[in-house]
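Structural description and commentary
The chain contents come next:
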Amino acid sequence: MINERMINALVLAGLLALPLYALAVDEPFTITLVTRAVILALAAVGLNIVLGFGGMVSFGHAVFFGIGGYAMGILAYHAQTYSTLDLGLFTTEGTKLMPVIWLVAMAVSGLVALIIGLLSLRTSGVYFIMITLAFGQMFFYFAISWAEYGGEDGVSIYVRNSFPGLNTLVPIQFFAICFVILCLVLFLKERLRASPFGLALNAARQSATRAETVGLNPMRLRLVAFVISGMITGLAGALFADLNRFVSPSMFSWQLSGELIVLIIIGGAGRLMGPVIGACVFVALEHFLGGLTDFWHVYLGLILLGIVLFGRGGIIGMLTRTEGAHV
Amino acid sequence: MSTILIIEQVLNGLQFGVMLFLMAAGLTLIFGVMGLINLAHGSLYMVGAFAAAAVAGATGSFFLGLVAALAAAALAGAVIEMVVIRRLYAAPHLDQVLATFALILIFSEGTRWVFGSFPLFLDIPVGLAGPVTLPGGIEYPLYRLALIGIGLAVGLGLWALIERTRIGIQIRAGENDREMIAALGVDISKLYTLIFALGAALAGLAGALVGAIQSVQVGMGEPVLILAFVVIVIGGIGSIRGAFIGALLVGLTDTLGGVFLPELFKLFMETGAAQKSGSAIASMAIYILMGLVLVWRPTGLFGARG
């Protein structure tokens, strides 16, 4: 029996130690790999607010990941080609500054989450799953037909965007940015969970009727959670695009939405570090199994099937022998 | 814009719609009776297409290919129902989504393993190749016309099966109260396997039929699956009639939108911009349709439950 707090501390320490070790032995690829895990973890942490705390199975979170990616792609594209982006009300020359890109990514993701949330939260259960999935496809096809930004081919950015005072082209420095953001978001998420809002959301997940009876508004709680969740996943999308210096419609794909859910379930739904552990396991599997066989998704499928059918509570649940949130 | 083009596009939309109906009917039946959301339905579509292409390629007979598609998809459906799906009926929707997502990964990569990454091709049968002249002098591919006919016939057959046969009575009873019909001596687990295999066979049939006008490749099932979801969200989950109306609506909207929206936009925009924004809006038209239906009726056109 292991304490969940201990696992959380160990995971964060490991996430920090591995890139430092890789730096010492000069293996920049490992740093990039861990950065990828950190960013995917951030995206899944965002989804976990909706899925684990709110009990809403959103199968369309790639929408926000993609919006974050395209926010970065579009702003950096205009900055690198010195062209003007006409937004109707005002024009801009784009930007290569990460903090500005992050703000734009989060603002647009939040706005889209508000609209999608208003429409899809009218429903629940299977309808909600299918509708979020359908909205994901809508953005996917829109991105494909958006010829100005590469259509199916996407947009390549030649130089990674900059952060004041740091050299983002050095892998360990970019990792540091992502890691600090992940820690900040995890801290905020823990505060959120224990806040009156978090408790009310949890109550609405367990029984919407009871929550309503004591005067809470489940719809409004869920909508706020959906928007916060979309903003975090959007931020992760901007970082992910910066990691690859590339954005394409595949960031909107339904497989990605599915994989984000898978990350959470591997780690443990509704747990603080569930998505982080899940992302690490996922990236490790992708790297090691993917190196052994081109068909590693078969094994991922079998592992996932095993966890769903036999191992409730994910890895954290198995280690601590406690049940996770019922979704 | 000529009348001939309009009629052609309406027929294309109908053809797309009835094929979507074959997919959506199985999905909605499985959800209505077993309460299960099955993402792997697109994989069964793919299994049908691959079985048809492989058998038709080996024997040269499209008809044998169709038989193989039905058999392979029904068999795959029955096997996954007995091995995996059966354990999920009482599970939360999230578990169903994850387990069937896992099945997609296994099916897709397994198919790539067996058949390789290159698409297969399935030829249109000789008897149905070439165009046919419709009243009014419209030339239209005979095969697509046959697809419309097959789709409507299957729809009719499904209606007869559910409304007029003993199995149909059990299916309808199963939708209403599964404990009660089990208590009345119906072998419920056999009934569920049967329904799942029936839905799978419909998906496999659609895969094989559409496989002859598109290429047969891994991942072909998922875009259709998601459109079928849109169809049953519009029609109301669990309703076969809703699936039929929804499928035709989606088929027509998607096809006609792609052709006519750019034309419509040209009325008040310059040609290049109209083409661009018209096709961008058209690619989202069915989702906008879905959004509108949901605002109006959150449980779909014919849906009873939420």
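Located above this text is the structure these notes cover.
Residues numbered from 1 in each chain as written. Chains lettered and ligands numbered in written order. Predicted model: local features only at pLDDT ≥ 70, side-chain atom pairs only at ≥ 80, totals over all residues. Heavy atoms only, no water.

Things to note about the overall build of chain A
A count of helical and extended segments in chain A gives 13 helices and four strands. Once the C-alpha set of chain A is aligned to its principal axes, its extents read approximately 55 × 50 × 40 Å. Burial analysis of chain A (327 residues in total) assigns 56% to the buried set. Sequence separation of at least 24 residues holds for 78% of the intrachain contacts in chain A that already meet a minimum separation of 6. With the model as given, the accessible surface of chain A reaches about 13600 Å², and the carbon-plus-sulfur share is 66%. (Helix = DSSP H or I, 4+ residues; strand = E, 2+ residues; numbered from the N terminus. Buried < 20%, exposed > 50% of the residue type's maximum accessible area, 1.4 Å probe, protein only. Contact = heavy atoms within 4.5 Å. Areas by Shrake-Rupley, 256 points an atom, 1.4 Å probe, with all protein chains shown as cover.)

Brief notes about the pattern of salt bridges
It is possible for side chains bearing opposite charge to pair when their charged atoms get close. All names here are of chain A. Applying the stated criterion across every chain, the model contains five salt bridges over all chains. Residue Glu 286 pairs with Arg 36 through a salt bridge whose shortest N-O separation is 2.9 Å. You can see Glu 286 sitting in helix 11 (residues 274-292) and its partner Arg 36 sitting in helix 2 (residues 28-53), a full 250 residues away along the chain. Residue Glu 190 is joined to Arg 193 by a salt bridge in which the shortest nitrogen-to-oxygen separation is 2.7 Å. Of the two residues, Glu 190 and Arg 193 both sit in helix 6 (residues 171-194), three residues apart, roughly one turn of that helix. On the basis of relative accessibility, which here comes to 29%, the residue Glu 190 falls in the partly exposed class. (Salt bridge = Lys/Arg side-chain N within 4 Å of Asp/Glu carboxyl O.)

Observations concerning the layout of surface pockets
Residue and element names in this part refer to chain A. The volume enclosed by the largest pocket comes to roughly 720 Å³. As for the largest pocket, its lining consists of 25 residues, of which Ile 67, Ala 71, Ile 74, Val 108 and Trp 146 are closest to the centre. For the lining of the largest pocket, the secondary structure elements donating two or more residues are helix 3 (62-81), strand 1 (85-86), helix 4 (98-120) and helix 5 (125-145). At six residues, the largest contribution of residues to the lining of the largest pocket is made by helix 4. Among the residues forming the lining of the largest pocket, the class breakdown is 22 nonpolar, one polar and two charged. (1 Å grid on protein atoms, 1.4 Å probe; cavity = no way out; pocket = protein on both sides within 12 Å on 5 of 7 lines; lining within 4 Å. Points joined across faces, edges and corners; volume = space filled by probe spheres on them. Nonpolar A, V, L, I, M, F, W, Y, C, P; charged D, E, K, R; others polar.)

Some points on the interface of chain A and chain B
Contact residues are listed per partner, giving 41 residues for chain A and 47 residues for chain B. Area buried by chain A at its contact with chain B is led by Tyr 127, Met 130 and Phe 295 of chain A, which between them contribute 18% of it. Where chain A packs against chain B, one counts zero salt bridges. In this structure, the connection of chain A to chain B is made through two residue pairs in polar contact (both at pLDDT 80 or more). Among the elements of the structure, helix 5, helix 10 (254-267) and helix 12 (296-310) of chain A are those that each provide at least two residues to the side of chain A that touches chain B. Per element, the largest residue contribution to the side of chain A that touches chain B is 13 residues, and it comes from helix 5 of chain A. Of the residues in the side of chain A that touches chain B, the class split is 28 nonpolar, eight polar and five charged. (Buried area = accessible area lost by both parts, 1.4 Å probe. Polar contact = N/O pair within 3.5 Å; in protein donor to acceptor, adjacent residues only side chain to side chain.)

A short note on the nonpolar core
With 215 residues, the main nonpolar core has Leu 42, Phe 59, Leu 182, Ile 261 and Val 276 of chain A together with Met 34 and Phe 229 of chain B as its most contacted residues. If you tally residues by element for this core, the top one is helix 2 of chain A, at 17 residues. Ignoring anything within four residues of it in the chain, the contact list for Leu 42 of chain A reads Ile 181, Leu 182, Val 185, Ile 232, Leu 235, Ala 236 and Leu 239 of chain A. If you look at the next biggest cluster of nonpolar residues, it comprises five residues, including Leu 134, Ile 138, Tyr 140 and Ile 148 of chain B. (Core = buried A, V, L, I, M, F, W, Y, C linked by side-chain atoms within 4.5 Å.)

Looking at unusual backbone geometry
Residue and element names in this part refer to chain A. Positive phi values are uncommon outside glycine, yet Asp 26 reaches one of about 60°. One can find Asp 26 in the loop between helix 1 (4-24) and helix 2. On the basis of relative accessibility, which here comes to 61%, the residue Asp 26 falls in the exposed class. Phi at Tyr 82 takes a positive value of approximately 55°, unusual for a residue other than glycine. Taking the relative accessible area as the measure of exposure, Tyr 82 reaches 71% and is therefore exposed.

A look at the packing of aromatic side chains
For the coordinates displayed, the defined rule picks out 21 aromatic pairs over all chains. Judged by centre distance (5.9 Å) and plane angle (85°), the rings of Trp 254 of chain A and Phe 101 of chain B are edge-to-face. Linking Trp 254 of chain A in helix 10 with Phe 101 of chain B in helix 4 (residues 93-115), this pair reaches from one chain into another. Among the residues examined, Trp 254 of chain A registers a relative accessible area of 11% and is labelled buried. Overall, the relative accessible area of 2% leaves Phe 101 of chain B in the buried class. Seen from their ring centres, Phe 282 of chain A and Trp 296 of chain A are 5.9 Å apart, and the 65° between their planes marks the pair as edge-to-face. With Phe 282 of chain A in helix 11 and Trp 296 of chain A in helix 12, this pair connects stretches of sequence that are 14 residues apart. Accessibility classification places Phe 282 of chain A together with Trp 296 of chain A in one group, the buried group. One aromatic cluster in this structure is built from Tyr 70, Tyr 77, Phe 139, Phe 142, Trp 146, Tyr 149 and Phe 252 of chain A. Above the plane of the ring of Phe 174 of chain A lies Arg 160 of chain A, whose end atom (NZ or CZ) is 4.3 Å from the centre. Lying across the ring of Trp 296 of chain B, Arg 297 of chain B places its NZ or CZ 5.8 Å from the centre. (Phe/Tyr/Trp six-rings, centres within 6.5 Å; stacked < 30°, edge-to-face > 60°. Lys NZ or Arg CZ within 6 Å of the ring centre and 35° of its normal.)

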